[in-house]
Amino acid sequence: MTVQKKILVIEDSPVVLKVLHHLLSQISFFTPVLCACYKEAEDKLKQSGGDYFAAIVDLNLPDAENGEIVDLVLSYKIPCVVLTGTFDDNLRLSLLNKGVLDYITKDSRYSFNHVIKVIERLNRNQGIKVLVAEDSSTSRLFIKILLEQYRFNVIEAENGQVALAKLEEDPDIRMLITDHNMPLVNGYDLVRMLRYNSRFQDLVIIGLSAEGDNALSAKFIKAGANDFLKKPFYHEEFHCRVIHSLEAQEMLETIRDLANVDPLTKLKNRRYLFEEGERLFRESPEAISLAMLDIDHFKSINDTYGHIVGDNLLEAVGREILETFPGMLVCRFGGEEFCVMAKVDGQDLLDALNVFLTRLRLKEFTEAKISLTCSVGMCCQAVDSLEELIRIADHNLYEAKRLGRDRIVSTA
């Protein structure tokens, strides 16, 4: 069940309130709470104890014309976006220094979309781990505060060596922000070390430095950094660079998923199996076990119930496979055929396959309450290539079908 997040909207214009309510309501997990004045917002905040995910506020309200609403919202530690009709650069700087996330003027339709984008980004940032490698505790604290405003989960490292250790021990770190001048391992060398390791190809890296010329910026980016900032920087620019780099990486990952993920079952596809499977096979050819799975009598199910029901069954079987074989490479090989590949002992894979077949027999799928069985061919013997491993498993699969289906045939 999706947890609803309340967004406090404080605006005296009925038209603007209506627009923001419409845009926020289109996002299933946001619930807009509308206020037309300072007093109304104050009452709502007192009633809820400040239990709001974020707030969108106008500066000029009938009962608070000088931006007092910002101080009220920030006093409850609620992330605040200002949406105002007038642009004042000094006021903008003052509000950003107070901790306002963004200062947006109502000068076009895009302004409203931008406000929603900031709130959505805030939601996506939750749980994203960012490592800050900086030997100055003052600078490190400043960067941490800026990142936590945008709901990032911040991890700190006082030098490049500690940063390397933290990255090695925590694969969930998505971004590294590193200073250049650090003891033991400087920022530039840290970037080079990380980019030599394929494990960190998707890590977003932003370099920082108070010294050096433009050549240092180019040097960092050529070494593999996504971006570079010269210190001192203004926090509005910092946020823009961080979000831009993160969204660019997310777009690359989305494109990669489109190429590697089966859109129906959400399992990896055949293309990914041959790419990643080849890498696994090269690393330890004698320790690889592989199984081919095929849903029994699937054509007759499609002929009887139709292809929509058939697709629903494939989705359900895909979920069962993901749950039963955690940590293994699982993919949809084609049609109703699936593949499981792992660096595990053959007996371990065989045990997991038996669990899967038992779970399948005990369930009824879709509203039609269809029972399923599956035939499996397995190979865990030493062979010369991935193709040979698949060929033997596929041969055993057909042997399982010939022997009556709903069974495993294995070559050890």
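Notes on the structure follow. None of the values given here were measured: they were computed from a predicted structure.

## Thoughts on helix α2 (residues 38-48)
Considered for burial, the residues of α2 that qualify are A41, E42 and L45. What you see down the axis of α2 is that its buried residues fit within an arc of 100°, all on one side. Those residues of α2 hidden inside the fold are in contact with β1 (5-10), β2 (30-35) and α3 (68-75).

## Some words on the state of the cysteines
For the coordinates displayed, the defined rule picks out 0 disulfides. With no disulfide of its own, C374 lies 12 Å from the sulfur of C339, the closest cysteine sulfur. In this structure C380 is not part of a disulfide, and its nearest cysteine sulfur, from C379, lies 6.5 Å away.

## Remarks on the packing of helix α1 (residues 14-25) against helix α5 (residues 109-125)
Any two packed helices are characterised by the angle at which their axes cross and by the distance between the axes. With their axes 10 Å apart at the nearest point, α1 and α5 run at an angle of 45° to one another. One finds that α1 runs oblique with respect to α5. Crossing of α1 against α5: the hand is right-handed. Mapping the contact onto sequence places V16, V19, L20, L23 and L24 in α1 and F112, N113 and I116 in α5. For the contact of α1 with α5, a count of residues per class yields 7 nonpolar, 1 polar and no charged.

## Re the pairing of strand β6 (residues 129-133)
Within β6, 4 of the 5 residues are buried, leaving the element largely enclosed by the surrounding structure. In this sheet, strand β7 (residues 153-157) lies alongside β6 in parallel orientation, the contact comprising 5 bridges. Looking at the pairing, L131 lines up with I155 of β7. Following the backbone out of β6, through helix α6 (residues 137-149) and into the adjacent parallel β7, one traces a crossover that is right-handed. By the bridge criterion, 5 bridges tie β6 to strand β8 (residues 173-179) in an arrangement that is parallel. Across the sheet, the residue bridging to K129 is I173, located in β8.

## Focus: the sheet that holds strand β12 (residues 289-295)
Ordered by their spatial adjacency, 6 strands build an open sheet running β11-β13-β14-β12-β17-β18, and the pairing between neighbours is mixed. Of all strands in the sheet, those with a lone pairing partner are β11 (268-269) and β18 (408-411), marking the two edges. Of the strand pairs in this sheet, strand β17 (residues 374-379) and β18 are connected by 4 bridges, and their pairing is parallel. Each residue of the ladder has a partner; that of M378, found in β18, is S410.

## Topic: the pattern of salt bridges
A full pass over the atoms with the stated rule returns 36 salt bridges. Across the salt bridge formed by K299 and D303, the nearest N and O atoms sit 2.9 Å from each other. Taken together, the residues K299 and D303, both in helix α12 (residues 298-305) and 4 residues apart, mark about one turn of the helix. With respect to class, K299 is no different from D303; both count as exposed. For E323, the salt bridge goes to R359, with nearest N and O atoms at 2.7 Å. Placement of the pair is E323 in helix α13 (residues 307-324) and R359 in helix α14 (residues 346-362), with a sequence separation of 36 residues. Relative accessible area serves as the criterion here: at 26%, R359 is assigned to the partly exposed category. Counted as one network, the salt bridges with shared partners bring together K117, R121, R124, R174, E247 and E250.

## What about the sheet that holds β6?
In space, the 5 strands of this open sheet follow the order β7-β6-β8-β9-β10, with parallel pairing throughout. At either end of the open sheet lies a strand with only one pairing partner, and these are β7 and β10 (227-230). Direction aside, neighbouring strands of the sheet carry axes that sit 20° apart on average. In this structure, β8 lies alongside strand β9 (residues 204-209), joined through 5 bridges in parallel fashion. Bridge assignment links I177 to a residue of β9, and that residue is I206. Of the strands in this sheet, β6, β7, β8 and β9 are in contact with α6, which crosses β7 at around 165°.

## Here's the deal with the nonpolar core
Core analysis: the biggest nonpolar cluster contains 42 residues, and I7, L147, F152, I177 and F238 have the highest contact counts within it. Take this core: its biggest share by element is 6 residues, from α5. Setting aside residues no more than four positions away along its own chain, I7 makes contact with L24, F30, T31, P32, V33, Y52, F53, A54, I56 and I119. Of all hydrophobic cores here, the second largest spans 30 residues; its members include A316, F338, L349 and C374.

## Quick look at the side chain of D294
Position of D294 relative to the elements: it lies in strand β12. A distance of 2.9 Å separates the side chain of D294 from the side chain of K401, its partner in a polar contact.

## Here we look at the packing of α6 against helix α10 (residues 235-260)
One way to put it is that α6 packs onto α10 with a least axis distance of 11 Å and a crossing angle of 60°. Overall, the two elements α6 and α10 adopt an arrangement that is oblique. Our pair here, α6 against α10, has a crossing hand that is right-handed. In contact with I143, L146, L147 and Q149 of α6, α10 contributes H235, F238, H239 and V242. Residue composition of the contact of α6 with α10, by class: 5 nonpolar, 3 polar and no charged.

Analysis parameters
Residues numbered from 1 in each chain as written. Predicted model: local features only at pLDDT ≥ 70, side-chain atom pairs only at ≥ 80, totals over all residues. Heavy atoms only, no water. Buried < 20%, exposed > 50% of the residue type's maximum accessible area, 1.4 Å probe, protein only. Helix = DSSP H or I, 4+ residues; strand = E, 2+ residues; numbered from the N terminus. Arc of directions from axis to C-beta. Contact = heavy atoms within 4.5 Å. Disulfide = S-S within 2.5 Å. Axes fitted to C-alpha atoms, helices over the stretch in contact; angles between N-to-C directions. Parallel < 35°, antiparallel > 145°, perpendicular 65-115°, else oblique. Left-handed = near helix turned anticlockwise from the far one by under 90°. Nonpolar A, V, L, I, M, F, W, Y, C, P; charged D, E, K, R; others polar. Pairing = 2+ DSSP bridges. Right-handed = clockwise from strand over helix to strand, strands pointing away. Salt bridge = Lys/Arg side-chain N within 4 Å of Asp/Glu carboxyl O. Core = buried A, V, L, I, M, F, W, Y, C linked by side-chain atoms within 4.5 Å. Polar contact = N/O pair within 3.5 Å; in protein donor to acceptor, adjacent residues only side chain to side chain.

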